[in-house]
Amino acid sequence: MSLLKKILLTFCILAASIFATQAADQIKVASFSTIDSEIVQQVGGDHVEVVALVKPGVDPHEYEPTPADLSEVSKAQLILTSGKHMENYLNKLQEATGGKADLLKVGDHFSSLKMKPREGEKSSVIEDPHWWHSVGNVKQATKIIRDELIKLDPADKADFEKNSNAYLAKLDALDDWLKRKVAELPRDQRKLVTSHDAFQYLARDYGFKIEAIEGVSAETEASNKHVSDLIDDIKKQGVKAIFLENTLNPKVTTEITRETSAKIGGTLYPDGLGTGDASTYEGMMKHNVATIVDALK
Ligand SMILES: [Zn+2]
C-alpha cells in the first residue's frame, strides 16, 4: 500500500469513527407536537436528533400514529407530546417503547383553561389543549424541555442553558411585538369569532372576547341553533370579520358571512405550525395576531 493510500485510509477510519460517536451521542427524540419539535430543536441544537411525527399543517386532533411512526418511537429515548388530552394514543406509544423511553406530556406541566361543553355534549369540563397560543406557556415549555434534556445528557448542560436562554429572549421579543400589534385595536373591538374553539389562551393574554362556531376539536359540529345564535350575536355586536382555519372546511364560516355584514378576515393557524410564514412559532403567532388585528381595525 502506498503512503498516500495509507494516509487516506487512516483519515477515512478516523472520520467515520468521529461521525459514529457524534450520532451515538445525540438524544433521539420523537415529537408529536409541531411546537415541541421547534423547542427541542432550538434548545437541543446538535445534541438532539428530532423526528417530527405530527408535521406542520396536520390536524393534531385527527392524527393517529402509523406503524412506521411507531417504529420511529421504538428507537427514541425521549417522546414529546402536546398533552392536556390532545393525544388519545399514549398507550400505543408506551407499548412501542416497552417503557424504555421518557414520555414528556409537555402541556400537562402548567395550568389549563377550561372549555365549556355545548348543549348535547356529554363531558362536563374539558381542559383546553391549545396552550401554545400563550407565549408565557411556550416559555414554560422551553424550561421543561431544557430540564429534561439536561437530565438525559448532563454533560451538555451548559449548551442547553445557553440555547434555551437565547430562545427565551426571542420569545420575550415576540411577546412585546404581539402586545404592540394588539394595542392598535381598541379594547371594545377585540371580538374574535373563529371556527373551532382554539384561541382562549390568546384571548386571555391579549384581552379578546371569543366565540367559536364549533367546539374544542374540528370534529365537534356546530348545531343549527348555535350557528343562528352566533349570527344574531355578530349582527348585534357589529363584528367586522370572522376567520377561517388552515385545517378546516370553510363552509359554515362562509355561510355566516352571507347572513351578516362580517367579512372573512383571513386564515388562522389554530392547531400548531403551518407552512410558509407560519412554519416557525414566531411566524405563526405574528401571522395569527396581525391577521386578526388588521381585519378587525
Ligand atoms: Zn384545535
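Our subject is the structure that appears above.
From a predicted model like this one, the values you see are computed outputs, not experimental measurements.

A.B. asks: So what exactly am I meant to see when it comes to the overall build of the chain here?
C.D. replies: Within the chain, the secondary structure is distributed over 10 helices and 10 strands. A burial count over the chain gives 37% of its 297 residues as buried. Within the chain, counting contacts between residues at least 6 apart in sequence, those at least 24 apart form 59% of the total.

A.B. asks: Which parts of the structure should I look at to understand unusual backbone geometry?
C.D. replies: Comment: phi is negative for the bulk of residues other than glycine, and the bulk of peptide bonds are trans. With a phi close to 50°, Lys 84 is a non-glycine residue in the positive phi region. The residue Lys 84 is located in the loop between strand E3 (78-81) and helix H4 (90-97) in this model. Although it is not a glycine, His 85 adopts a positive phi angle of roughly 65°. Relative to the elements of secondary structure, His 85 occurs in the loop between E3 and H4.

A.B. asks: For this particular structure, what's the right way to read the pairing of strand E8 (residues 209-212)?
C.D. replies: For a regular strand, the rule is simple: side chains alternate between the two faces of the sheet. For strand E7 (residues 191-194) and E8, the ladder comprises 4 bridges, and the chain directions are parallel. Along E8, the bridge assignment pairs Lys 191 with Lys 209. Since E7 and E8 lie parallel, the crossover through helix H7 (residues 200-206) that links them has a hand, and here it is right-handed.

A.B. asks: What should I look at first to understand the packing of helix H6 (residues 157-182) against helix H10 (residues 281-296) in this one?
C.D. replies: For any two helices packed against each other, one specifies the crossing angle of their axes together with the interaxial distance. One can describe the packing of H6 onto H10 by two numbers: an axis separation of 10 Å at closest approach and a directional angle of 5°. Viewed along their axes, H6 and H10 adopt a mutual orientation that is roughly parallel. Across the interface between the two elements, Lys 170, Leu 174, Trp 177, Leu 178, Lys 181 and Val 182 from H6 touch Glu 282, Met 285, Lys 286, Val 289, Ala 290 and Val 293 from H10.

A.B. asks: Looking at this structure, how should I read the sheet that holds strand E4 (residues 102-105)?
C.D. replies: The strand order across the open sheet formed by 4 strands is E2-E1-E3-E4, and the pairing between neighbours is parallel. The sheet terminates laterally at strand E2 (48-52) and E4, the two strands that pair on one side only. Recorded for the sheet is a direction-independent mean angle of 20° between the axes of neighbouring strands. The sheet contact formed by strand E1 (residues 27-31) and E2 spans 5 bridges and is parallel. Bridging from a neighbouring strand, Ala 30 pairs with Val 51 of E2. The sheet strands contacting helix H2 (residues 34-44) are E1, E2 and E3, and the helix crosses E2 at an angle near 165°.

A.B. asks: Where do I start with the nonpolar core in this structure?
C.D. replies: Buried together is how nonpolar side chains tend to be arranged in soluble globular proteins. If you look at the biggest cluster of nonpolar residues, it comprises 61 residues, and the most contacted ones within it are Val 29, Val 40, Ile 79 and Leu 80. Top element by residues in this core is H10. It accounts for 7 residues. Residues lining this core come from more than one domain, with at least three contributed by each of domain 1 (3-176) and domain 2 (185-296). With residues up to four places along the chain from it excluded, the contact list for Val 40 reads Val 29, Ser 31, Val 48, Val 50, Leu 80 and Ile 145.

A.B. asks: Would you mind going over the packing of helix H5 (residues 135-152) against H6 with me for this structure?
C.D. replies: For the pair H5 and H6, the least separation of the axes is 10 Å and the interaxial angle reads 175°. As summarised for this structure, H5 and H6 are arranged roughly antiparallel, according to the angle between their axes. Contacts between H5 and H6 involve Val 135, Val 138, Lys 139, Thr 142, Lys 143, Arg 146, Leu 149 and Ile 150 from the first element and Lys 157, Phe 160, Ser 164, Tyr 167, Leu 168, Leu 171, Leu 174, Asp 175 and Leu 178 from the second. Tallied by class, the residues present in the contact of H5 with H6 amount to 10 nonpolar, 2 polar and 5 charged.

A.B. asks: I'm lost on the environment of Glu 87 in this one. Help?
C.D. replies: Secondary-structure assignment places Glu 87 in the loop between E3 and H4. Residues Glu 87 and Phe 32, spaced 55 residues apart in sequence, show a C-alpha to C-alpha distance of 8.5 Å. With sequence-adjacent residues up to four places away left out, Glu 87 is seen in contact with Phe 32, Thr 81 and Ser 82.

The rules behind each value
- Residues numbered from 1 in each chain as written.
- Predicted model: local features only at pLDDT ≥ 70, side-chain atom pairs only at ≥ 80, totals over all residues.
- Helix = DSSP H or I, 4+ residues; strand = E, 2+ residues; numbered from the N terminus.
- Buried ≥ 20, exposed ≤ 12 C-beta atoms within 10 Å, placed from the backbone.
- Contact = placed C-beta atoms within 7 Å.
- Pairing = 2+ DSSP bridges.
- Right-handed = clockwise from strand over helix to strand, strands pointing away.
- Axes fitted to C-alpha atoms, helices over the stretch in contact; angles between N-to-C directions.
- Parallel < 35°, antiparallel > 145°, perpendicular 65-115°, else oblique.
- Core = buried A, V, L, I, M, F, W, Y, C linked by C-beta atoms within 7 Å.
- Domains from an automatic or database assignment.
- Nonpolar A, V, L, I, M, F, W, Y, C, P; charged D, E, K, R; others polar.

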